[in-house]
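What follows is each chain in one-letter form.
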Amino acid sequence: MKTVSTKRIAAFVLGVAAAATAWAQFARPEEAVKYRQGALYVVSQHFARIGAMVNGRAPYDARGAIENAELVAALARFSGTAFGPGTEKLSAKAKPEIWTEQARFKEHNEKFVSESAKLAAAARTNNLDQLKAAYASTAATCKGCHDAYRNN
């Protein structure tokens, strides 16, 4: 499994943090949709790499687990930022309840942020059993939000 260097992760996270205020405002709703789709795709790719390890489809790689979990945790903080006004009719996958149940949607997003932070902490223990438990909890959070707010 190819892993990303810690320096690249740090540079990415710093770049994300520096650009956070700019990402909160998009010039056009289409840009927000492209951003959220791209960010969530990247989250899914790194989360899947951890899933392959915890489900025995790939060898456990402690360093790779840490790097992937830290990227998921960093991006989770921005996963809910691009569901603003004007974006509700631009994606067939997003259910209208995202916009009509903003408080509930925000709770789901905050839980994802919290669980992905726990996933990164579990990865740093270098304990596969702890990683498995945190992965399962994070996956359940993803599923709960997808069940409520995503069309298949």
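Above this text sits the structure in question.
S.K.: Mind laying out the nonpolar core, listing which residues take part and the relevant values?
M.R.: Within the largest apolar cluster, 21 residues are counted, with the highest numbers of intra-cluster contacts made by I50, A69, F112, L119, A123, L131 and Y135. For this core, the secondary structure elements donating two or more residues are α2 (29-54), α3 (62-76), α5 (102-124) and α6 (128-149). With seven residues, the top contributor of residues to this core is α3. The contact partners of L131, leaving out residues within four places of it in the chain, are I50, V54, Y60, A65, L119, A122 and A123. Ranked by size, the runner-up nonpolar core spans eight residues in total, among them F83, I98, C145 and Y149.

S.K.: Before we move on, can you summarise the side chain of E115 with the specific residues and values?
M.R.: The residue E115 is located in helix α5 in this model. Ignoring anything within four residues of it in the chain, the contact list for E115 reads S137, T138 and T141.

S.K.: Pulling in residues and values, what's your account of α6?
M.R.: Taking 1.5 Å as the rise per residue, α6 with 22 residues should run 32 Å; its terminal C-alpha atoms sit 31 Å apart, in good agreement. Those residues of α6 lying buried are L131, A134, Y135, T138, T141, C142, C145, A148 and Y149. Projection of α6 onto a plane perpendicular to its axis shows the buried side chains occupying an angular sector of 165 degrees, all on one side. α6 presents D129 and K143 as exposed residues on the side facing more than 90 degrees away from its buried surface.

S.K.: Can you lay out the packing of aromatic side chains for me, pointing to particular residues and giving the numbers?
M.R.: Tallied over the entire structure, the rule returns five aromatic pairs. Through a chain of ring-to-ring contacts, three or more aromatic side chains come together here, namely F83, W99, F105 and Y149.

S.K.: Give a description of the packing of α2 against α6 that names residues and reports values.
M.R.: Between α2 and α6, the least distance of the axes is 10 Å, while the angle of their chain directions is 130 degrees. The angle between α2 and α6 falls in the class oblique. The element α2 and its partner α6 pack so that their crossing is left-handed. Every residue of α6 that contacts α2 at F47, I50, G51, M53 and V54 is listed here: L128, L131, K132, Y135, T138 and A139.

S.K.: Just give me the short version of unusual backbone geometry, but keep the residues and values in it.
M.R.: Unusually for a residue other than glycine, N126 sits at a positive phi of about 60 degrees. Take N126: it is sitting in the loop between α5 and α6.

Rules of the game
Residues numbered from 1 in each chain as written. Predicted model: local features only at pLDDT ≥ 70, side-chain atom pairs only at ≥ 80, totals over all residues. Heavy atoms only, no water. Core = buried A, V, L, I, M, F, W, Y, C linked by side-chain atoms within 4.5 Å. Buried < 20%, exposed > 50% of the residue type's maximum accessible area, 1.4 Å probe, protein only. Helix = DSSP H or I, 4+ residues; strand = E, 2+ residues; numbered from the N terminus. Contact = heavy atoms within 4.5 Å. Expected span 1.5 Å × (residues − 1). Arc of directions from axis to C-beta. Phe/Tyr/Trp six-rings, centres within 6.5 Å; stacked < 30°, edge-to-face > 60°. Axes fitted to C-alpha atoms, helices over the stretch in contact; angles between N-to-C directions. Parallel < 35°, antiparallel > 145°, perpendicular 65-115°, else oblique. Left-handed = near helix turned anticlockwise from the far one by under 90°.

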